[in-house]
Amino acid sequence: MANVIMISGESGTGKSTSIKYLDPKETFLISCTNKQPQIPGFKSKYIKFAKNNVDTANWLVSNSYVNIIKILGFINTKRLDVKTVVIDDINYLLSNNIFETALDTGYQKFTVHAKNYYDLITAAQSMRDDLSVVLISHIENYGTDVEPKYRLWTTGKMLVNQINLDGLFSYNIYSERIVNTEDDSIDYVFRTRTNGNDTCRTVAGCFGSKYIEPNLKQVLDRINQFELTGEIEEDNTNSSEEQ
């Protein structure tokens, strides 16, 4: 069973940028939009998947559930050199489904949308044990501006009410940008535990700090070390971090 980690947050908070720290020789990137990967030198590091380079390519652009699940199966059995799979902007698969079926009548289409998304997640979870699969998604505020509440972005109610999408992940790390009030500089961070009004979570003892560097390689290395050795990081969050 692969280790599936969710990185979620609002747009522009450094989710996709964190991919740049991964070793492209061991990484396969799946982009669900035509957005250029936010990776310095990506054209030389990530080669688009084609029929003539299936054994060496490490980048697929697709918004098709069928194609993505098919490539996951191929990586699982044929690409043993790949240790990390990243599915970037995964929530846009739901958006694409909505537009593709916009003229279809009836509620059955929403059930299909939810099942497609759920099947993709379970396909990722069922991959081989030595793989880490990172899903990158936006979040939504389902509360109010005064009392915000955050969860993974979805369409329709089935993924929320019948499945509890956020509950499928032991690691749902939130990306955030923090503005320094003294000089208006911006720090980009990953958050490892909830603020009480969101679904951010990690396994207790894995990360000692509430806020960590938005470095995806360091995150995966720490999770793998923790799950292999059980080595616990003591909570060193101070009061300034909690604010």
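A brief structural summary. In this text the structure is predicted, and so the values were computed from the model without any measurement. (Residues numbered from 1 in each chain as written. Predicted model: local features only at pLDDT ≥ 70, side-chain atom pairs only at ≥ 80, totals over all residues. Heavy atoms only, no water.)

All right, on to the overall build of the protein chain then. Helix and strand counts for the protein chain stand at 7 helices and 9 strands. For the protein chain, whose C-alpha radius of gyration is 18 Å, the value lies close to the compact-globule estimate of 18 Å for 243 residues. Its C-alpha atoms give the protein chain principal-axis dimensions of about 50 × 45 × 35 Å. Out of the 243 residues in the protein chain, the part that is buried amounts to 46%. (Helix = DSSP H or I, 4+ residues; strand = E, 2+ residues; numbered from the N terminus. Rg over C-alpha atoms; globule rule 2.2 N^0.38 Å. Buried < 20%, exposed > 50% of the residue type's maximum accessible area, 1.4 Å probe, protein only.)

Turning to unusual backbone geometry, a few remarks are in order. Positive phi, normally seen in glycine, also occurs at asparagine 164, with a value near 60°. Following the sequence through the fold, asparagine 164 ends up in the loop between helix 5 (158-161) and strand 7 (172-179). Assessed through its relative accessible area of 43%, asparagine 164 is described here as partly exposed.

Moving on, we get to the pairing of strand 5 (residues 132-141). Among the 10 residues in strand 5, 9 count as buried, and that is most of the element. Examined bridge by bridge, strand 4 (residues 84-88) and strand 5 share 4 bridges and lie parallel to one another. Bridging across to strand 5, valine 86 finds its partner in valine 134. Pairing of strand 5 with strand 6 (residues 150-152), which is carried by 3 bridges, proceeds in the antiparallel orientation. In the sheet register, isoleucine 139 faces strand 6, and the bridge partner there is leucine 152. (Pairing = 2+ DSSP bridges.)

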